[in-house]
Amino acid sequence: MQVKSRHHLRSDAVSDLEDTLEAQLGVSPEGDAYERVEFEDTDWEVVLIDGEPQVAYFDEEPFLTVRGANAYDPDKRLVTVDAGAVSFVSDGADVMRPGITEATDDISPDDLVVIAEESHGKVLAVGRARVDGAEMAGDEGKVVDSLHHVGDDLYEFTG
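What you are looking at is a predicted structure, and each value in this text was computed from that prediction instead of being measured.

Draft legend 1. Layout of the sheet that holds strand 6 (residues 78-81). In space, the six strands of this open sheet follow the order 7-11-10-9-6-8, with mixed pairing throughout. On the outer flanks of this sheet lie strand 7 (95-96) and strand 8 (100-103), each paired with one strand and no other. Both strand 9 (residues 112-117) and strand 10 (residues 123-129) contribute to a ladder of five bridges, which runs antiparallel. From the neighbouring strand, Ile115 faces strand 10, where its bridge partner is Ala125. In this fold helix 3 (residues 83-90) packs onto strand 6, strand 7, strand 9, strand 10 and strand 11 (142-149), with an angle of close to 75° to the strand it touches most, strand 10.

Draft legend 2. Quick look at the packing of aromatic side chains. In the structure shown here, the tally under the stated rule is one aromatic pair. Ring plane angle 85° and centroid distance 4.9 Å describe the contact between Phe39 and Phe157, whose orientation is recorded as edge-to-face. Placement of the pair is Phe39 in strand 2 (residues 34-39) and Phe157 in the segment after helix 4 (153-156), with a sequence separation of 118 residues. Like Phe157, Phe39 is buried. In this structure, Arg36 is placed above the aromatic ring of Tyr57, and the distance from its NZ or CZ to the ring centre is 4.0 Å. For Arg67, the ring lying beneath its charged end belongs to Tyr155, and the centroid distance is 4.2 Å.

Draft legend 3. Structural view of helix 1 (residues 11-25). Look at helix 1: 21 Å from first C-alpha to last across 15 residues, which is about the 21 Å you get at 1.5 Å a residue. Within helix 1, burial applies to Val14, Leu17, Leu21, Gln24 and Leu25. Around the axis of helix 1, the buried residues are gathered within 105° of arc, so they sit on the same side. Facing away from the buried surface of helix 1 by more than 90 degrees, the exposed residues are Ser11, Asp19 and Ala23. Residue Gly26 follows helix 1 closely and has a positive phi angle near 75°.

What counts as what
- Residues numbered from 1 in each chain as written.
- Predicted model: local features only at pLDDT ≥ 70, side-chain atom pairs only at ≥ 80, totals over all residues.
- Heavy atoms only, no water.
- Pairing = 2+ DSSP bridges.
- Helix = DSSP H or I, 4+ residues; strand = E, 2+ residues; numbered from the N terminus.
- Contact = heavy atoms within 4.5 Å.
- Axes fitted to C-alpha atoms, helices over the stretch in contact; angles between N-to-C directions.
- Phe/Tyr/Trp six-rings, centres within 6.5 Å; stacked < 30°, edge-to-face > 60°.
- Buried < 20%, exposed > 50% of the residue type's maximum accessible area, 1.4 Å probe, protein only.
- Lys NZ or Arg CZ within 6 Å of the ring centre and 35° of its normal.
- Expected span 1.5 Å × (residues − 1).
- Arc of directions from axis to C-beta.

Have a look at this one:
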């Protein structure tokens, strides 16, 4: 991915970003340097926290990247999948009900969510919920659209 521009965030923008992530995910990122990066050939916008791509904008909404979620261990908007779903989710597949073992009750349709595997709690992907958290587990149907996953261009990007 070719970087188009990068600039440091003002302190009020950093505070807004930290407040949003606290409300959404229950995490408090901490860093000395916050840089916003825009790319040439994609709509991705990323915030580097101390040089690490830990926040991305999905439809203008800031949310943790897979790397950011693994660094800060969110406890809200969390969808957990079983071992059988890991390879699919890691390859960017949307999340289906049969692979879900649990989801937090704070998830509403269209919310951004973090998708983690049940064995070690490692985050595999970020997606957009189609249903409430209470309706995630079940026998059939797609319930989370994948937006960013382990191994994609955003994941591979280094500041």
